[in-house]
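# Structural description and commentary
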Amino acid sequence: MAGKISFPHGNDWGVIGPEGDHDLPVDSTLGHRFHLVDGEVVDRYDGVTDDEVRGLDAERVAERQAEELQAARTALVRRVKTEAAQRIATLDWKVERARERDALNGTKTLQEVYAEREIIRRASNEAEAAIAKLTSQEEILAFSW
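Residues numbered from 1 in each chain as written. Predicted model: local features only at pLDDT ≥ 70, side-chain atom pairs only at ≥ 80, totals over all residues. Heavy atoms only, no water.

### So, the domain arrangement of the chain
As a reminder, the rule being used: Per the annotation, domain bounds derive from an automatic or database assignment of domains.
For the chain, the assigned domains read domain 1 (4–43) and domain 2 (69–142). Here the C-alpha centroids of domain 1 and domain 2 sit 56 Å apart.

### Things to note about the pattern of salt bridges
Filter applied, for reference: Every case where a carboxyl oxygen of Asp or Glu lies within 4 Å of a side-chain nitrogen of Lys or Arg is listed as a salt bridge. Put simply, DSSP marks the helices as runs of H or I at least four residues long and the strands as runs of E at least two long, and each gets a number from the N terminus on. Think of it in three bands: with a 1.4 Å probe and only protein chains considered, a residue is buried below 20% of the maximum accessible area for its type, exposed above 50%, and partly exposed in between.
Applying the stated rule across the entire model yields 11 salt bridges. Ionic pairing is found between K4 and D23, a salt bridge with its closest N-O pair at 3.4 Å. Residue K4 is located in strand β1 (residues 4–6), and its partner D23 is located in strand β3 (residues 22–23); the two are separated by 19 residues in the primary sequence. When its relative accessible area of 54% is taken as the criterion, D23 is described as exposed. Of the charged contacts, one joins E118 and R122 as a salt bridge, the two residues approaching to 3.4 Å between their closest N and O atoms. Of this pair, E118 and R122 both sit in helix α3 (residues 109–132), 4 residues apart, which is roughly one turn of that helix. Three or more residues are tied together by salt bridges with common partners; here these are R33, D43 and D50.

### Here's the deal with unusual backbone geometry
For D38, which is not glycine, the phi dihedral falls at a positive 50°. By the secondary structure assignment, D38 is in the loop between β4 (34–37) and β5 (40–43). The exposure class assigned to D38 is exposed, which follows from its relative accessible area of 80%.

### Focus: α3
Threshold: A helix is expected to reach a length of 1.5 Å times the quantity of its residues less one.
Its 24 residues place the ends of α3 35 Å apart at the C-alpha level, agreeing with the 34 Å of an ideal helix rising 1.5 Å per residue. When we look at burial in α3, the residues that qualify are L110, V113, R117, I120, S124, A127, E128 and I131.

### Looking at the environment of E128
Here is the rule we go by: Contact between two residues is taken to exist if any of their heavy atoms lie within 4.5 Å; hydrogens are not considered.
Residue placement: E128 occurs in helix α3. With sequence-adjacent residues up to four places away left out, E128 is seen in contact with V77, V80 and K81.

### Overview of the nonpolar core
We apply this condition: Residues belong to a common nonpolar core when they are buried Ala, Val, Leu, Ile, Met, Phe, Trp, Tyr or Cys residues joined through side-chain atoms within 4.5 Å.
By size, the foremost hydrophobic cluster in this structure holds 10 residues: L69, A72, L76, V77, V80, A127, I131, L134, I140 and F143. Elements supplying a minimum of two residues to this core: α1 (50–89) and α3. Looking at this core, the element that brings in the most residues is α1, giving 5 residues. Among residues more than four places away in sequence, those in contact with A72 are Q137 and I140. Core analysis: the next-biggest nonpolar cluster, separate from the first, contains 6 residues, L24, F34, L36 and V41 among them.

The following block contains the structure:
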């Protein structure tokens, strides 16, 4: 195993190799666990083994993916709500017409228009419930309402 590290991309992360500029503070094969602070190599994962570092990295990746999935779900729900509001708003003219007809003719067409709006609201709620169950970015992208 190499005991030297270089920092070809700045102070960010190291590359372990026999031609490195700095000695490693711990035995490791993971260059990303090291960074350079004031000319000294510092271990970001002080006190843990490479296997533990891999586990921590996997946990962070899973957390980040879960956060990204939730953000995508939230954005999709927002789009559904916006579209539902637009669909309901496009029925405003029907509400006005139904009120006038009901007033003139004694009919109950306003209830029919309100029922149309309720169908949109229920469909929106069902879409939101379905979105909450999506488990991958692919499912998010494939979702349509």
